[in-house]
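Results of the structural survey
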Amino acid sequence: MERLDERPFPPGDYDVVLVGSGPGGLQTAYSLARTGIPRCAVISRDPAPGGMFRRFPVYQRLISWTKPDAPFERGTREYEWYDHNSLVGDEREHQALAPEFMDRAFDVPARPEMEAALVEFATRGDVRVRYGCEWLSTRRDDAGFVLGTSDGEYRCRVCVFAIGVTEPWVAPIPGLEAAPHYVAANAPERYQGKSVFIVGKRNSGFELAQGLLPWARRIVLGSPRPVDVAMLAFSPLSIRYLSPYTEHIRGGTGSYVVDAAIERVERHANGYRIHASGTTWEGELELEVDEVIAATGFRAPVRDLPTVGVAMVNDGRMPAQTPYWESVSVPGIYFAGNMTQASPGLRKHGATSSSGSVNGYRYNARVLARHIAEKHFGLGRERRSLNGDEVVPYLLGELAHAPELWTQKGYLARVVDIDGADSIRDEGIVPLADFVDRDDGDSCAVAVEYDADGTIIPVVYLRRGGHLVEHSLPPHPLHRFGTDEHRQQLAACLAPLLSQKTNASRV
């Protein structure tokens, strides 16, 4: 990587301009650089790599695991399932970097360890970024887009924004604006002996509560929706933060998790007064507390993108996106990093993607870079050809070990195209929603998914003559999907397509 004072990518004309140097920006920049697109510029307002992990989580410990010693060797594709924090590279020295910085006090990295791993990835992977260059404005012209920055104007055919979802969003609750947001929370010891009300019961709320348990006299978390423990497998709420909830269930510890609509927050000389009404119980609640913290979420800092036509979703907090993370309303504008969670996928049985976390969007970035290269610049990639007898064992291997499928359950899929007059080709990892929406060609896709009961199962999708059929294969207690039973069932599912190829080859 260049020295930070040697600033590449001066203002001017480029094919692609990428904004951001957090994990999503670094992974996308790394992947774009390997597509063959000739002129890609990367800019960032930050002074160095890391993005949100230069500041968050506020209590310094991540929730996503990395297992330094695992059943597979570091640097292998299979190992990625055991390492949810490293970015993914094409060469061994670019892979599995997070474990190198962990002190193993926990199986999750501390914030400085994660930041160090990202800096190392940028260094070893030669991810070049123009730091200290802040994106300020956006407009369209005949050739594409013009980005105004603190250094000047950048013109490009395609924009990619990896700017995070880190701007505080405060729920429209009267008086809540007087309380600090999660991003402005004090150090845990500053709450010693105090009564604290946390508005919100998702990751940031429970992270705060977990950090305050050794210090606060009383902790109350409140929001309208209950914690549905039966749906934790589908939920973005990490069970690592649930100690305050388990203490609430046992009772008598000073931790409470309340299902209540917060009606207003009143500030007074000695603290705050909370007015709320029950949602899963009847009645009103009035609480006197010393401190209130709004853990009500975040929004993407999209600046003026809505004025150039970018449609927004989720209360205007994130841009609406296609399955390939392109703006649904402004072609040529793409999003990377944790903003890709706004492309929802199929959401079968209520399951969400992992696109809000590094372990998910690192794979989205690879798919995105390849898609931009092919769609906008005609840079095709070589598709591996398969023989008919290779298809079943190959797909079984993907179902058993592919980190893309296991991390992005029901969201990313491995696709094989079967052309009876030509060949069988591996089409790679694609968004499952895109595959399901297609209506051309004979092909199959495999994905790892949850069923309605939360059990992990392999699923096969077949398209033949424009007709799509879905087959669920059986679960296994150790998630071993390469058994004889799975092999036989997958072969039976694929038989109509593979026999078509065999028959065509005989003509």
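Numbering of residues starts from 1 in every chain and runs along the sequence as written. Residue-level local features of this predicted model are given only where pLDDT is at least 70; pairs of side-chain atoms are given and counted only at 80 or more, and the full residue set underlies all totals for whole chains, interfaces and linings. With hydrogens and water stripped out, all remaining heavy atoms of the structure feed into the side-chain values.

When you go through the protein chain residue by residue, the secondary structure sums to 9 helices and 22 strands. Against the compact-globule benchmark of 23 Å for 507 residues, the protein chain has a radius of gyration of 24 Å, which places it among compact chains. Across its three principal directions, the C-alpha atoms of the protein chain cover 85 × 55 × 45 Å. Exposure categories follow from relative accessible area, calculated using a 1.4 Å probe and restricted to protein chains: below 20% of the type maximum is buried, above 50% is exposed, and the middle band is partly exposed. Out of the 507 residues belonging to the protein chain, those deemed buried represent 54%. It only takes one pair of heavy atoms within 4.5 Å for two residues to be counted as in contact. Of the contacts formed within the protein chain by residues at least 6 apart in sequence, a portion of 62% connects residues at least 24 apart. All accessibility values rest on the Shrake-Rupley procedure with a 1.4 Å probe; residue burial counts only the protein chains present in the view. Counting every atom, the protein chain has about 21,400 Å² of accessible surface; 49% of that belongs to carbon and sulfur. If you average the places of the 55 positive and of the 66 negative side-chain charges in the protein chain, the two averages end up 2 Å apart. By the criteria applied, helices consist of DSSP H or I runs no shorter than four residues and strands consist of E runs no shorter than two, each listed in order from the N terminus. Each radius of gyration is computed over the set of C-alpha atoms, and the globule rule expresses the reference value as 2.2 Å times the number of residues to the power 0.38. This count recognises Lys and Arg as positive and Asp and Glu as negative, with His and chain-terminal groups excluded. By convention, the point assigned to a charge is CZ for Arg, NZ for Lys, CD for Glu and CG for Asp.

A carboxyl oxygen of Asp or Glu within 4 Å of a side-chain nitrogen of Lys or Arg is what we treat as a salt bridge. A complete count under the given rule lists 37 salt bridges for this structure. Close ionic contact of Arg-124 with Glu-120 constitutes a salt bridge, the shortest N to O distance being 2.7 Å. Taken together, the residues Arg-124 and Glu-120, both in helix H2 (residues 111–124) and 4 residues apart, mark about one turn of the helix. Sharing partners across several salt bridges, the network here consists of Glu-374, Arg-381, Arg-383, Asp-417, Arg-425 and Glu-427.

On to the side chain of Ser-64. Looking at the secondary structure, you find Ser-64 in the loop between strand E2 (40–43) and H2. The definition of a polar contact used here is a pair of N or O atoms within 3.5 Å, where within protein one atom must be able to donate a hydrogen and the other to accept one, and adjacent residues in sequence count solely through side-chain atom pairs. A distance of 2.4 Å separates a polar atom in the side chain of Ser-64 from a polar atom in the side chain of Asn-85. Not counting chain neighbours up to four residues away, the residues in contact with Ser-64 comprise His-84, Asn-85, Val-108 and Pro-109.

To continue, consider the packing of helix H1 (residues 23–32) against helix H5 (residues 358–377). Orientation of H1 relative to H5, taken along the N-to-C sense of each, is 30 degrees, at an axis distance of 8 Å. Taken together, H1 and H5 sit at an angle that is classed as roughly parallel. Both H1 and H5 take part in a crossing whose hand is right-handed. Note on element contacts: H5 touches H1 through Val-358, Tyr-361, Arg-362, Ala-365, Arg-366, Leu-368 and Ala-369, opposite Pro-23, Gly-24, Gln-27, Thr-28, Ser-31 and Leu-32. For this classification, Asp, Glu, Lys and Arg are treated as charged, while Ala, Val, Leu, Ile, Met, Phe, Trp, Tyr, Cys and Pro are nonpolar and the rest, including Gly, are polar. Partitioning the contact of H1 with H5 into residue classes produces 7 nonpolar, 4 polar and 2 charged. To obtain an axis, a line is fitted to C-alpha atoms, over the contacting stretch when the element is a helix, and the angle between two such axes runs from 0 to 180 degrees between their N-to-C directions. Convention used here: angles under 35 degrees read as roughly parallel, angles over 145 as roughly antiparallel, angles from 65 to 115 as roughly perpendicular, and any remaining angle as oblique. Each helix crossing is assigned a hand: it is left-handed if the near helix lies turned anticlockwise from the far helix by less than a right angle, otherwise right-handed if that turn is clockwise.

Looking now at the environment of Phe-161. Relative to the helices and strands, Phe-161 resides in strand E5 (residues 152–161). Ignoring any residue separated from it by four or fewer positions in sequence, one finds Phe-161 in contact with Val-19, Trp-135, Thr-138, Leu-147, Leu-305, Ile-333, Tyr-334, Phe-335, Ala-336 and Met-339.

Within a sheet, neighbouring strands are paired by backbone hydrogen bonds and run either parallel or antiparallel to one another. Strand pairing follows a simple DSSP-based rule, namely that at least 2 bridges must link the two strands. With respect to topology, 6 strands assemble into an open sheet ordered E11-E10-E9-E8-E7-E12, the strand pairing being mixed. Either end of the sheet is taken by a strand with one partner, and the two such strands are strand E11 (284–289) and strand E12 (291–294). For this sheet, the mean inter-axis angle between neighbouring strands, taken without regard to orientation, is 40 degrees. Judged from the 6 bridges that link them, strand E10 (residues 271–278) and E11 form a sheet pairing that is antiparallel. Pairing of Ser-277 across the sheet is with Glu-284, part of E11. In this fold helix H4 (residues 243–250) packs onto strand E8 (218–223) and strand E9 (255–268), with an angle of close to 105 degrees to the strand it touches most, E9.

Looking along the chain, the bond that leaves Phe-56 and enters Pro-57 is cis, with omega of 0 degrees. Position of Pro-57 relative to the elements: it lies in the loop between E2 and H2. Positive phi, close to 50 degrees, is recorded for Ala-96, a residue that is not glycine. Assignment of secondary structure puts Ala-96 in the loop between E2 and H2. Judged by relative accessible area, which is 6%, Ala-96 ranks as buried. Backbone geometry places Arg-347, a non-glycine residue, at a positive phi of 55 degrees. Within the fold, Arg-347 resides in the loop between strand E16 (333–335) and H5. Residue classification places Arg-347 among the partly exposed positions, given a relative accessible area of 44%.

Let's shift gears to the environment of Glu-374. For Glu-374, the position within the fold is in helix H5. Not counting residues up to four positions away in its chain, the partners in contact with Glu-374 are Leu-379, Gly-380, Arg-381 and Arg-383. Reaching out from Glu-374, the side chain makes a polar contact with the side chain of Arg-381 at a distance of 3.1 Å.

It is worth spelling out the packing of aromatic side chains at this point. We call Phe, Tyr and Trp rings a pair once their centres come within 6.5 Å, taking the six-membered ring for Trp, and we label the pair stacked below 30 degrees between planes, edge-to-face above 60, and tilted otherwise. Scanning the model with the defined rule gives 13 aromatic pairs in all. Measuring from ring centre to ring centre gives 5.7 Å for Tyr-182 and Phe-298, while their planes differ by 90 degrees; the resulting arrangement is edge-to-face. With Tyr-182 in the loop between strand E6 (167–168) and strand E7 (195–199) and Phe-298 in strand E13 (residues 298–299), the pair connects residues that are 116 residues apart, well separated along the chain. Each member of the pair, Tyr-182 as well as Phe-298, is classed as buried. Three or more aromatic residues joined by ring pairs form one cluster here, namely Trp-65, Trp-81, Trp-406 and Phe-481. Working rule: Lys NZ or Arg CZ, within 6 Å of ring centre, within 35 degrees of ring normal, means a charge sits over the ring. Just above the ring of Phe-435 sits the side chain of Arg-463; from NZ or CZ to the centre is 4.6 Å.

Attention shifts here to the confidence of the model for the protein chain. The quantity known as pLDDT measures the predictor's confidence residue by residue, on a range of 0 to 100. Summarising the model, the protein chain shows a mean pLDDT of 91, and 94% of its residues fall at 70 or more. Contacts of residues 503–507 to residues separated by more than four positions or lying in other chains number 2 contacts, the stretch itself having pLDDT below 50.

Let's shift gears to the sheet that holds strand E21 (residues 456–464). On the basis of which strands lie adjacent, the open sheet formed by 6 strands has the order E17-E19-E18-E20-E21-E22 and antiparallel pairing. Two strands bound the open sheet, and with one partner strand each, they are strand E17 (384–386) and strand E22 (467–472). For this sheet, the mean angle separating the axes of adjacent strands, direction not counted, is 30 degrees. Summarising the sheet, strand E18 (residues 412–418) and strand E19 (residues 424–431) pair through 7 bridges and their orientation is antiparallel. Its bridge partner being in E19, Ala-413 is matched across the sheet by Val-430. Packing against the sheet, H5 makes contact with E18 and E19, and its axis sits at approximately 120 degrees to E19. Strands in contact with helix H6 (residues 391–401) are E17, E18, E19, strand E20 (443–450) and E21; relative to E20, the strand with the most contacts, it is inclined by about 25 degrees.

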